[in-house]
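Residue strings, one per chain:
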Amino acid sequence: MLQLQLQPPRFLPLPRRRVAGRRRRAPPTLAVHSKWKLPDVDTDAVRQRVRSWMSVARGAVVDAARDRAKHKEEPPEGRKKKPRKEVEVEEQALVAVPEVTVERRVARGWLSLDAVVAIEQFARLNGLTGGKVQRIFKALAPERLQNDAQSLVEYSCFRYLSRDNSDFHPSLKELAFQKLIFVTMLAWEDPYNEDGSPFASEDSYSLLGRLVGEDAFVRIAPAVAGVADVSTAHHLFKALVGAEKGLSFDLWITYLAELLKVHHGRQTHQTGDNFLSDEQVLCIASSKKRPVLKWEENTAWPGNLTLTDKALYFEAIGLAGTRKPTRLDLTDPNSRVEKAKVGPFGSKLFDSAVSVSSGSNPNIMCGEMRRDVWLAFISEIISVYKFNREYGPSDDDPAIHHVYGAHKGKKRAVSSAANCIARLQSLQFIRRLYEDPAKLVQFSYLSNAPFGDVVLQTLAVKFWGGPSITKPKWHRSSEDPSGRNAHIFDIDEKAMVDCKEKSKVVERTRATIVAATIEGIPSNIDLFKELMLPFAIMGENFKKLQRWENPRSTICFLLLVHTVIFRNMLSYVFPFTLMMMALSMLALKGLKEQGRLGRSFGNVTIRDQPPSNTIQKILALKEAMASVENYLQHLNVSLLKIRTIVLAGQPEVTTQVALVLLASSAVLLLVPFKYVLAFFTFDLFTRELEFRREMVKAFMNFLNERWASIHAAPVVVLPYEGTESSPKTLPAMSAELAEPKDVQRGDSYVTSKNGISSS
C-alpha cells in the first residue's frame, strides 16, 4: 500500500540567478513513505487554511496596486506626469534630420541645423538633393548672393512653393509640411551656426521653445498660398503673437488647424435654392440663443445672416419658419458699409450695428460675432470689387486674351479676399483678434492706408500679369537686360515696405494726437489759453504801444511803420515776415539738436482740475452751455441787424450806411492808399492820448446808439412737423428753433444684443 505524507507548507523565496559552482536547491516534493495517512487528514481544515492564505495574498495584491495608483496620482516633486495633450505637442514638435548632402561650410560661416533641414527637405520635394540645389543656386544667383545662406533658404523654399497655383496650398493639411514651413522661418531668421560641429548622428530635434520673429514670418508666410498676404502679414503676426516675444510652434499649428477647419467648412457647405450657384458661402451667423436682429421701422426681426463672395443674405425667422432671404448685392458700385447705432422707438441706445447700403436699399446689418469683425468682412468684399473695377481690365477688353491667365485675374482677387476673411475667422476662433480687424483684410486696409494705391497697383500686376500668348508687334533687344530678372513678388514686397513705413509714421502721429487729447470742458479751455498765450502776449505788447506806456518804444515803432509806408516797402513786409519765421524755426532746430533747449522745451503744461462729484460736473456743464447759448444769441442778433441793413429793413439806416460806403470808396479812389494807411495808423495810436480821448469816447457812444437803434430781422418759426397750426412770427430774442425730427426713411437695422459688441 502506497502511503503519502504532505509536508507542512512553506514560503518559497523568489528565484535568483544561478551562481556558478553552487549546487541547485531541490524543489519541495511529496515525501514517499510518509507516516501520514490521507484518510486521516481533515479536509475542511485544509480548505479553510488555503482560503485564509488566498485572502491574505489577495489583500496584499490590492494594497500594492492601490499604493502604485496613489504614487501615479501624486508623483513626487520634480517628476510630475505630463498631460496627454502636452505629450502629443512634444511628439509633433520633433523634426527628423534627413541625410545631409549640402555643403555646410560657406564663405560667411557654417549652415545651421534649421537651414540644412529646410534646404534638404525642399530639395527632396523638388526631386533633387540639397547639394544639387546649392550648386544650381550658385550658378543662377548674382555674385553678391552666392554665399548668402538666407538667400539659399529662400530659393529652396520659393522654388517648390511657386509650383502651386492654388488659392490655398494643399500641402498645409500635412503636419510635416507645417513643421517644414516653421523650420524654414527659423532658418531664414538664423541661417548660420556658431561652429561647424557635426550633427549627422542626430535623428531628430524638437521645435518646442523656439520662437519665430516678425521679419521671418513676413518673408516666408506670404509665399504659402492662403497663410498670409504681404500687405497684412505684419499685422497678422502681431495678432497671433500678442504680448509674447515671438511665434511658437504650438501656436503656429493651432492657427493652421483652425484655418483648415474654416476652408473645410466652406467646401462641405451645400448651397441651397436661396443662393446663386456661382456664389461661395464665406460666413454664416445663425444662433437660436443670440440671433441676428434686423430693425425695420422700429421693429426688430430675428434671423440668420449669410455672407457670400458676392452678396449678403438675411433670412428672417417667423412663427412659420424662415422666410425668403433678403439679398444685398455687394458688387454694386454704390455699396458701402459703416457703423451705426440702433434702438427701439428711434433711440440710439445700442452701438452694435453695421450699416450696409446696396444701391438704393440702405440696411444696417450685423451678426452674432463682434461688430468690428463683420464690418471687416463686408468691407473686404465691397473693396475687392471696387479694386476690380478701378485696377482691372473690363470683361470685353481684348488684351486679356493675349496674356496667359489674365481672364482669371478677378477670380484671383476675390479668392484672395476670401482667404483674408478665413484668416480673420481663424483668429477669432483661437481668440487672437487684432485691435483693429480691418487691418487684417488687405483690400479694405490698402484702400485707406498711406501709399496703399501703389500697393494696389502691384497687386493688379500680380493678378492680371503674365506671359504673352500671342506674338507681340514689338520686341525687346536681346542686349537689353532690363526687366529680365523682374519678380512680381519682390515688387509687391518693396511697395508694401514703403506702405508699412509710412503707416508707422501715421500711427506715431495718431498716438501723439491721442496723447494730447484731454477730456473735460475746463481742461480744454485751459489748454486753449496756454496755446494762445504767445498771441496774447503779442496783443498785450501792442496795447502797451498803443497806450504810450513806453513813449520811446511807441515813437520808434511809428517811425518804422511810416518809413515802410512812405518808402513803398509794403510789398516786402510779408516775404520778410516769412523769412524771419523760417530762420527762427531753423535756429530752434539747431539749438534743440545741440541739447541747449532741454528735454522739456516745447511741452505744454496745464494744471488738472480739482476733483468734483457728479452734481458739480452737471452744474459746470449747465453753466458752460448757458455761456455758449448767450454767445450764440448775441451773434445771431448781430447777424440779424446786418441783414436788416442790407435788405433795407430800416430805409433811413440803409441810406446812411450806403452814403458812408460811397464816401469811403471815393476816398480810396482819389487818395493814394499809403496816405490812407498812414492816417489810420496815426488815428489808432492817438486814441489814448489826452487831447483825443473825449472825442473818441463821444464818437464810440454815437456808434453804439445807432447800432442799438437798428431793428433785428424777424424770425419765423415753423410749427412742429405733423401739426396743422399756422406759422407764427416771433421777435428775434425770443425765437426758439424747433429741432427737426430725425427720421431715416427706408432704413433697416440689424443688431445682436448679446453677440456683437462695439469693442
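Residues numbered from 1 in each chain as written. Predicted model: local features only at pLDDT ≥ 70, side-chain atom pairs only at ≥ 80, totals over all residues. Heavy atoms only, no water.

Overview of the packing of aromatic side chains
Each pair of aromatic rings is reported with the distance of its centres and the angle of its planes.
Consideration 1: Using the criterion set out here, one finds 18 aromatic pairs in the structure.
Consideration 2: Ring geometry for tyrosine 160 and phenylalanine 177: centres 6.3 Å apart, planes at 55°, overall tilted. Taken together, the positions of tyrosine 160 in helix H5 (residues 149-161) and phenylalanine 177 in helix H6 (residues 175-189) put the pair 17 residues apart, joining distant regions of the chain. Of the two residues examined, tyrosine 160 and phenylalanine 177, each falls in the buried class.
Consideration 3: Plain terms: the ring middles of phenylalanine 387 and phenylalanine 463 are 6.1 Å apart, the flat faces sit at 80° to each other, and that makes the pair edge-to-face. One end of the pair, phenylalanine 387, is in helix H10 (residues 371-391); the other, phenylalanine 463, is in helix H13 (residues 452-464), with 76 residues separating them in the sequence.
Consideration 4: Taking relative accessible area as the criterion, phenylalanine 387 reaches 2% and is therefore assigned buried.
Consideration 5: The exposure class of phenylalanine 463 is buried, given its relative accessible area of 6%.
Consideration 6: Connected via pairs of aromatic rings, a cluster forms that spans Phe387, Tyr391, Phe443, Phe463 and Trp464. (Phe/Tyr/Trp six-rings, centres within 6.5 Å; stacked < 30°, edge-to-face > 60°. Helix = DSSP H or I, 4+ residues; strand = E, 2+ residues; numbered from the N terminus. Buried < 20%, exposed > 50% of the residue type's maximum accessible area, 1.4 Å probe, protein only.)

Details of the sheet that holds strand E5 (residues 109-111)
Two orientations exist for strands paired in a sheet by backbone hydrogen bonds: parallel and antiparallel.
Consideration 1: One open sheet holds the 3 strands; their spatial order is E4-E5-E6, and the pairing between them is antiparallel. Either end of the sheet is taken by a strand with one partner, and the two such strands are strand E4 (105-106) and strand E6 (192-193).
Consideration 2: Judged from the 2 bridges that link them, E5 and E6 form a sheet pairing that is antiparallel. By the bridge assignment, tryptophan 110 is partnered in E6 with asparagine 193. (Pairing = 2+ DSSP bridges.)

Describing the nonpolar core
Consideration 1: Ranked by size, the top nonpolar core spans 94 residues in total, and within it Phe217 and Trp252 carry the most contacts.
Consideration 2: The element contributing the most residues to this core is H10, with 11 residues.
Consideration 3: Phenylalanine 217 has contacts with Met185, Val212, Pro222, Ala233, Leu236, Phe237, Leu240, Leu247 and Trp252, leaving out every residue within four places of it along the chain.
Consideration 4: Membership of the second largest hydrophobic core comes to 13 residues, among which are Val102, Ala115, Val116 and Val153. (Core = buried A, V, L, I, M, F, W, Y, C linked by side-chain atoms within 4.5 Å. Contact = heavy atoms within 4.5 Å.)

Observations regarding H13
Consideration 1: With 13 residues, H13 should cover 18 Å at 1.5 Å per step; its first-to-last C-alpha distance of 18 Å lies within 8% of that length.
Consideration 2: All of the buried residues in H13 are Gly452, Val455, Leu456, Thr458, Leu459, Ala460, Phe463 and Trp464. (Expected span 1.5 Å × (residues − 1).)

Observations concerning the pattern of salt bridges
Consideration 1: Applying the stated criterion to the full structure yields 16 salt bridges.
Consideration 2: Notably, a salt bridge pairs lysine 261 with glutamate 258, separated by 3.8 Å at the nearest N-O pair. With lysine 261 and glutamate 258 both in helix H9 (residues 249-268) and 3 residues apart, the pair spans about one turn of that helix.
Consideration 3: Exposure remark for glutamate 258: the relative accessible area of 17% places this residue in the buried category.
Consideration 4: One salt bridge in this structure joins arginine 547 and glutamate 540, with 3.6 Å as the shortest N-O distance. (Salt bridge = Lys/Arg side-chain N within 4 Å of Asp/Glu carboxyl O.)

Some words on unusual backbone geometry
Consideration 1: A positive phi angle, near 60°, is found at tryptophan 548, a position not held by glycine.
Consideration 2: Phi at asparagine 568 takes a positive value of approximately 55°, unusual for a residue other than glycine.
Consideration 3: Locating asparagine 568 in the fold gives a position in the loop between helix H17 (551-566) and helix H18 (573-593).
Consideration 4: A relative accessible area of 53% places asparagine 568 in the exposed class.

Re the packing of helix H3 (residues 113-125) against H5
Consideration 1: It is the contact of H3 with H5, at a shortest axis distance of 9 Å, that shows an interaxial angle of 30°. One finds that H3 runs roughly parallel with respect to H5. Crossing of H3 against H5: the hand is left-handed. Contact with H3, carried on its side by Ala115, Ile119, Phe122 and Leu125, involves Leu152, Val153, Ser156, Cys157 and Tyr160 of H5 and no other residues of that element. (Axes fitted to C-alpha atoms, helices over the stretch in contact; angles between N-to-C directions. Parallel < 35°, antiparallel > 145°, perpendicular 65-115°, else oblique. Left-handed = near helix turned anticlockwise from the far one by under 90°.)

A word on a nonpolar patch on the surface
Consideration 1: A cluster of nonpolar side chains, contributed by Val628, Tyr631, Leu632, Leu635, Leu639, Ile642, Val646, Leu647 and Trp707, occupies part of the molecular surface with about 890 Å² of accessible area.
Consideration 2: Mapped onto the fold, leucine 632 is located in helix H19 (residues 614-646). (Patch = residues over 30% accessible without salt bridge, like charges linked within 9 Å, V, L, I, M, F, W, Y side chains within 5 Å. Areas by Shrake-Rupley, 256 points an atom, 1.4 Å probe, with all protein chains shown as cover.)

Overview of the packing of H10 against helix H11 (residues 409-429)
Consideration 1: The interhelical angle for the contact between H10 and H11, taken along N-to-C directions, is 170°, at an axis separation of 9 Å. Compared by their axis directions, H10 and H11 come out roughly antiparallel. The two elements H10 and H11 meet at a crossing, and its hand is right-handed. On H11, the residues that touch Val373, Ala376, Phe377, Glu380, Ile381, Val384, Tyr385, Phe387 and Asn388 of H10 are Lys410, Ala413, Val414, Ala417, Cys420, Ile421, Leu424, Gln425 and Gln428.

Here we look at the pairing of strand E15 (residues 350-358)
The side chains of a regular strand alternate between both faces of the sheet.
Consideration 1: Taken across its 9 residues, E15 has 7 buried, putting it largely inside the fold.
Consideration 2: Taken together, the 6 bridges between strand E14 (residues 336-342) and E15 define a ladder with antiparallel strand orientation. Across the sheet, arginine 336 pairs through a bridge with serine 357, a residue of E15.

Considering the environment of leucine 531
Consideration 1: Looking at the secondary structure, you find leucine 531 in helix H15 (residues 521-531).
Consideration 2: Residues leucine 531 and threonine 605, spaced 74 residues apart in sequence, show a C-alpha to C-alpha distance of 9.8 Å.

Things to note about the confidence of the model for the protein
Consideration 1: With 72% of its residues at a pLDDT of 70 or more, the protein has an overall mean of 77.
Consideration 2: Note on residues 1-38: pLDDT is under 50 here. Beyond four places in sequence and across chains, it has 23 contacts.
Consideration 3: Confidence over residues 472-489 falls short of pLDDT 50; this stretch has 6 contacts with residues more than four positions distant or in other chains. (pLDDT = per-residue confidence, 0-100.)

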